[in-house]
Amino acid sequence: MSLGWLQAGTIPRLAVGPHAGISWPIQRDILFTVHDLCTILPPTQEDGPGVYNQTSVDIGYAWKDGNVSAGPTVAFYVMPACGVTLCGRVGGLAVGGHAQTNAYVAGPLGCR
């Protein structure tokens, strides 16, 4: 689980963003990976809660000290949105791409 700040417009909001991922080898150095990220904006006095969920399915390459993966992603969102004079909610579905790299540290900062 991670905690972070989201800056949207001019008003900062606290966002809670649990995420999970799993990778498994399909051949010696080839990975199949699934990631899911769900960001939740708690409600405030001015507006309601918001939710953003992104899921990706990746193919990647692994080596001894890391890996890299990329693939398509789909996201669903429902968020409060306020302008100068109007406030409301926006929602939708978006298709895109995802890429990620991981490096594994050994020695004084890590262990094997």
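Remember, it's a predicted structure, so these values are computed and weren't measured experimentally.

Procedures and definitions
- Residues numbered from 1 in each chain as written.
- Predicted model: local features only at pLDDT ≥ 70, side-chain atom pairs only at ≥ 80, totals over all residues.
- Heavy atoms only, no water.
- Helix = DSSP H or I, 4+ residues; strand = E, 2+ residues; numbered from the N terminus.
- Buried < 20%, exposed > 50% of the residue type's maximum accessible area, 1.4 Å probe, protein only.
- Contact = heavy atoms within 4.5 Å.
- Areas by Shrake-Rupley, 256 points an atom, 1.4 Å probe, with all protein chains shown as cover.
- pLDDT = per-residue confidence, 0-100.
- Patch = residues over 30% accessible without salt bridge, like charges linked within 9 Å, V, L, I, M, F, W, Y side chains within 5 Å.
- Salt bridge = Lys/Arg side-chain N within 4 Å of Asp/Glu carboxyl O.

## Focus on the overall build of the protein chain
1) Next: Regarding its fold elements, the protein chain presents 0 helices and 7 strands.
2) Next: Reading the secondary structure of the protein chain in the N-to-C direction produces β-β-β-β-β-β-β.
3) Next: Scored against the burial criterion, the 112 residues of the protein chain give a buried share of 22%.
4) Next: Put simply, 41% of the contacts in the protein chain that link residues at least 6 apart link residues at least 24 apart.
5) Next: Surface exposure of the protein chain reaches about 7800 Å², of which carbon and sulfur atoms provide 66%.

## Examining the confidence of the model for the protein chain
1) Next: The predicted model of the protein chain averages 81 in pLDDT, with 82% of residues at 70 or higher.
2) Next: Scored below 50 in pLDDT, residues 1-7 makes 19 contacts in the model with residues more than four places away or belonging to other chains.

## Here's the deal with a nonpolar patch on the surface
1) Next: Nonpolar side chains collect at one region of the surface, where Ile-22, Trp-24, Ile-26 and Ile-59 lie side by side and expose about 380 Å² of accessible area between them.
2) Next: As for its position among the elements, Ile-59 is in strand β5 (residues 50-63).

## What to know about the environment of Tyr-77
1) Next: Tracing the chain through its elements places Tyr-77 in strand β6 (residues 66-82).
2) Next: On the basis of relative accessibility, which here comes to 27%, the residue Tyr-77 falls in the partly exposed class.
3) Next: Here the alpha-carbon distance between Tyr-77 and Ala-94, two residues 17 residues apart in the chain, equals 8.4 Å.
4) Next: Excluding anything up to four places from it in sequence, Tyr-77 contacts Val-51, Tyr-52, Val-90, Gly-91, Gly-92, Leu-93 and Ala-94.

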